[in-house]
Amino acid sequence: ACLAVGDDDGRVRLWDARLRGDRRPPVESQPHEDYVSDIAVEGTTLLTTGADGRLAALDARSNLKPLGVSEPQDDELLAVAVLKGGRKVICGTATGPLVVYNWGR
């Protein structure tokens with residue numbers, strides 16, 4: 001099992017609970033310029049949204065290597081969900097509209 005968290009500085013950290021005893025530091029990436037608002041998991045990919053208006057995809061198996069970062073929206077992205085069998089990513093914005101991304105298979 002793994003635990004992923006985002007912080008106010010735009011960093012995402014990933015701890016692997018299977019690595020006991022040696023107190024390994026978390027894997028870290030900084031895909032956002034402002035706070036991380038939400039994290040969703042699709043397979044081994046972490047999808048994160050941030051107050052910088054971007055959606056980021058990170059590879060959990062490759063030390064959170066960025067797989068892609070969207071162009072910034074005009075509004076903060078506050079929530080992320082994966083729908084349609086993993087083919088669509090929906091993000092909620094601070095003012096209400098939803099942003100829909102195609103997620104490839």
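Up top is the structure these notes are about.
Residues numbered from 1 in each chain as written. Predicted model: local features only at pLDDT ≥ 70, side-chain atom pairs only at ≥ 80, totals over all residues. Heavy atoms only, no water.

Enquirer: Sorry if this is basic, but what is going on with the nonpolar core here?
Expert: Most often, soluble globular proteins have nonpolar side chains that are buried together. Counting residues in each nonpolar core, the largest one holds ten residues, listed as Ala40, Leu47, Leu55, Ala57, Leu77, Val80, Val89, Cys91, Val99 and Tyr101. When contributions to this core are tallied by element, the ones reaching two or more residues are β6 (55-59), β8 (77-83), β9 (88-93) and β10 (98-102). In this view, Val80 contacts Asp38, Ile39, Ala40, Leu47, Thr49, Leu55, Val89, Ile90 and Cys91; residues no more than four positions away in its chain are not counted. By size, the runner-up hydrophobic cluster in this structure holds six residues, among which are Val12, Val36, Leu58 and Leu64. (Core = buried A, V, L, I, M, F, W, Y, C linked by side-chain atoms within 4.5 Å. Buried < 20%, exposed > 50% of the residue type's maximum accessible area, 1.4 Å probe, protein only. Helix = DSSP H or I, 4+ residues; strand = E, 2+ residues; numbered from the N terminus. Contact = heavy atoms within 4.5 Å.)

Enquirer: Got a minute to help me understand the environment of Ser70 in this structure?
Expert: Mapped onto the fold, Ser70 is located in the loop between β7 (65-69) and β8. Ser70 sits 19 residues away from Ala51 along the chain, and the two C-alpha atoms are 13 Å apart.

Enquirer: Hey, could you run me through the sheet that holds β10 in this one?
Expert: Paired through backbone hydrogen bonds, the strands of a sheet run either parallel or antiparallel to each other. Strand order across the open sheet formed by three strands is β8-β9-β10, with antiparallel pairing between neighbours. Two strands lie at the open edges of the sheet, namely β8 and β10, each paired on one side alone. Pairs of neighbouring strands in the sheet enclose a mean axial angle of 20°, with direction left out of account. Sheet topology places β9 next to β10; five bridges connect them, and they run antiparallel. Residue pairing across strands places Gly92 opposite Leu98, the latter belonging to β10. (Pairing = 2+ DSSP bridges. Axes fitted to C-alpha atoms, helices over the stretch in contact; angles between N-to-C directions.)

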